Amino acid sequence: MAILLGCGMARNFTENRTRNTLIVIVVFGLCSFFYLLGAWQRSGSGGGDRIQNWVNEQTKCAQLPNLNFETHHRASDLPNDTGTSKIKPFEPCDEQYTDYTPCEEQKRAMTFPRDNMIYRERHCPPEKEKLYCLIPAPNGYVAPFRWPKSRDFVPYANVPHKSLTVEKAIQNWVHYEGNVFRFPGGGTQFPQGADTYIDQLASVIPIAEGKVRTALDTGCGVASLGAYLLKKNVLTMSFAPRDNHEAQVQFALERGVPAYIGVLGSIKLPFPPRVFDMAHCSRCLIPWSGNNGMYMMEVDRVLRPGGYWVLSGPPIGWKIHYKGWQRTKEDLRNEQRKIEQFAELLCWKKISEKDGIAIWRKRLNDKSCSMKQDNSKIGKCELATDNDVWYKKMEVCITPLPEVNSVSEVAGGQLEPFPKRLNAVPPRISLGSVPDFSVHSYEDDNKLWQKHVKAYKKINNLLDTGRYRNIMDMNAGLGSFAAALESPKLWVMNVIPTIANTSTLGVIYERGLIGMYHDWCEGFSTYPRTYDLIHSNAIFSLYQNKCKFEDILLEMDRILRPEGAVIIRDKVDALVKVEKIANAMRWKTRLADHENGPHVPEKILFAVKQYWATGNKSS
């Protein structure tokens, strides 16, 4: 009996051990299979992408499937409910804030010194003065005309300010006709029209050859130069002060032309060194001969080696025009003499002066023209980094260029003509000037954003139809989002946050795109309703502990047109909070999975700002 019992126990032990071993083998096999299947699907090999795309379509986390990106041009009351959002809905601001620009407000500006235009620079409100309400559109606001009609016509209801039509009537800037403004393409210094003026420049500067792609227009007026340079495939960053002439920058953006509120005052321009192919001033009222040439030195800093500086208007052509300028010959002669002296100090070569237009060309490198430091007060600038410009004081110093081996070499590298330079490897990448980026990672970034933009178009098929003219990328990286969208129908303001780990704005300009630095805890230097579409990549993760999400989202709402679109790509935990705030701002939202499937923690929030305006409570 004992022997039989012992045999039974031995047999049971053996069977249990065999069963446990089999279970381990089965579990291990299943784990290995699913791991390999997952890796295969993510790799893009075989049919993995097709399977994944099908699963994505079946499990897409869309909360508002009827999201509509079309414009309707109707006024409507703000809805009182926000679904299941626990955040209290934001109320409309008072009508007086229709054109609110938080960091350039007139009342605050007048408390600052007028020396060097300090009062016209950025002065943002303290925390206690920030508005936590929605900026209203003016009564009767409508979607702008599509480009290129918008270049010449702007609805009066969108910018209801007629002062420029009176002040600049004889200079052919803008005319009020019925319910629209008409922009005939004139300017103070080009009464025959911008096309004729640009042809004069092109007789000296290789504008039509693709060698001039990015331009800076200081004191731009209504940006007619930038508007007409687009015909030559030149992308111009235009700027002018807030309310020096009422709404001039607002007009520029309403026309669909790149512009921002800014001034050459005491603070450096929000650009890195060596980015613009051409800089331009047409009677821009900047005292170029003052401050020991400081403003010319700032232009030199942002101008690319071999780039061009154009100055038209006083004092150029003083021998002919001095009577009309109501200044003495001696005064104008002395001013031009000082400008010529500073140009020589900067090693700019004057290549033309004709019909009141003078053109200089910047040196190619420091070897081609050694700096003439006759003035002991003027030396080379000593910068912590090339990109250390945000709220940094302008200096009387000359920005040195990257070293070269010969007098014929272009400092910082030779650029391809546009459009070839758009996807060519930028010199800052190939020369290793940008930390953490290589030629390989640059090319990978291009491919990645082509994939992202292709996915965006499946959700918003209006992305490249001309429906969106003014586009902003809030965290532009290498500019690959803008490069993937490149089209005459649109332009992109590529913004590099000042807190970004690496500055890539120089790379963006080398690609033939434009952009600027900005801190998204503050208001952007533009009028309300000036962008048709805003793209945000990882902004909220970047600013997680810097400022409130509400600050950023309310600023996005301020600068976005009614019925404008938003695409926010970020980690899901950030987007959950963002979506609640967006609903409290009356945006229509749709949350979608990453292109690579629902298991990727990064998601995409699509949104549309609803139409509403002042004075339409009965509609």
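Procedures and definitions
Residues numbered from 1 in each chain as written. Predicted model: local features only at pLDDT ≥ 70, side-chain atom pairs only at ≥ 80, totals over all residues. Heavy atoms only, no water. Core = buried A, V, L, I, M, F, W, Y, C linked by side-chain atoms within 4.5 Å. Buried < 20%, exposed > 50% of the residue type's maximum accessible area, 1.4 Å probe, protein only. Contact = heavy atoms within 4.5 Å. Pairing = 2+ DSSP bridges. Helix = DSSP H or I, 4+ residues; strand = E, 2+ residues; numbered from the N terminus. Axes fitted to C-alpha atoms, helices over the stretch in contact; angles between N-to-C directions. 1 Å grid on protein atoms, 1.4 Å probe; cavity = no way out; pocket = protein on both sides within 12 Å on 5 of 7 lines; lining within 4 Å. Points joined across faces, edges and corners; volume = space filled by probe spheres on them. Nonpolar A, V, L, I, M, F, W, Y, C, P; charged D, E, K, R; others polar. Disulfide = S-S within 2.5 Å. Expected span 1.5 Å × (residues − 1).

A. Structural view of the nonpolar core. Membership of the largest hydrophobic core comes to 138 residues, with the highest contact counts inside it found for Phe 271, Trp 288, Trp 309, Phe 540 and Met 556. Once you skip the residues sitting within four places of it in the chain, Phe 540 turns out to touch Phe 549, Ile 552, Leu 553, Met 556, Ile 568, Asp 570, Ala 574 and Val 578. One finds Val 159, Phe 183, Val 222 and Phe 251 within the second-largest nonpolar core, a separate group that totals 9 residues.

B. Quick peek at the sheet that holds strand β15 (residues 514-518). The 7 strands are arranged β15-β14-β13-β16-β17-β19-β18 in an open sheet whose pairing can be described as mixed. Bordering the open sheet on either side are β15 and β18 (587-593), each of which pairs with just one other strand. With direction set aside, neighbouring strand axes in the sheet form an average angle of 20°. Where strand β16 (residues 531-537) and strand β17 (residues 560-571) come together, 6 bridges link them in parallel fashion.

C. Main features of empty space enclosed by the protein. Tallied over the full model, the rule gives 3 cavities of 30 Å³ or more. The computed volume of the largest cavity comes to approximately 60 Å³. Around the largest cavity sit Arg 274, Arg 304, Pro 305, Val 410, Ala 411, Gly 412, Gly 413, Leu 415, Arg 428 and Glu 510, which together line it. In terms of residue class, the lining of the largest cavity is built from 4 nonpolar, 2 polar and 4 charged. Reported here for the second largest cavity is a volume of approximately 50 Å³. Looking at which element gives the most residues to the lining of the second largest cavity, the answer is helix α9 (residues 294-302), with 4 residues.

D. Structural view of the layout of surface pockets. Size it by volume and the largest pocket reaches roughly 770 Å³. Contributing to the lining of the largest pocket are 46 residues, with Gly 219, Ser 282, Arg 283, Cys 284 and Leu 285 lying nearest its centre. Elements that contribute at least two residues to the lining of the largest pocket include exactly α7 (224-229), β5 (235-240), β7 (276-282) and β8 (303-312). Here the lining of the largest pocket takes 3 residues from β7, the largest share from any one element. Of the residues belonging to the lining of the largest pocket, the class tally is 23 nonpolar, 18 polar and 5 charged.

E. View of the state of the cysteines. All told, the structure shown has 6 disulfides when counted by the stated rule. Shown here is the disulfide that connects Cys 347 with Cys 369, its sulfur atoms set 2.3 Å apart. One disulfide, between Cys 347 and Cys 369, carries an S-S torsion of -70° and so falls in the left-handed class. Here Cys 369 lies in the loop between β10 (357-361) and β11 (379-380) and Cys 347 lies in the loop between α11 (329-345) and β9 (349-354), a separation of 22 residues in the sequence.

F. Up close: helix α18 (residues 572-584). The end-to-end C-alpha distance of α18 is 19 Å, a good match for the 18 Å that 13 residues give at a rise of 1.5 Å each. Listing the buried residues of α18 in full gives Ala 574, Leu 575, Val 578, Glu 579, Ile 581, Ala 582 and Ala 584. On its buried face, α18 is in contact with α16 (539-542), α17 (549-559), β17, β18 and β19 (602-609). Following α18 by one or two positions, Arg 586 has its phi on the positive side, about 70°.

G. Quick look at the environment of Ala 574. Inspection of the secondary structure puts Ala 574 in helix α18. According to the relative accessible area criterion, Ala 574 is buried, its value standing at 4%. On a C-alpha basis, the gap between Ala 574 and Gln 544 in space is 8.3 Å, while along the polypeptide they are 30 residues apart. With near-sequence residues (within four places) excluded, Ala 574 lies in contact with Phe 540, Ser 541 and Phe 549.

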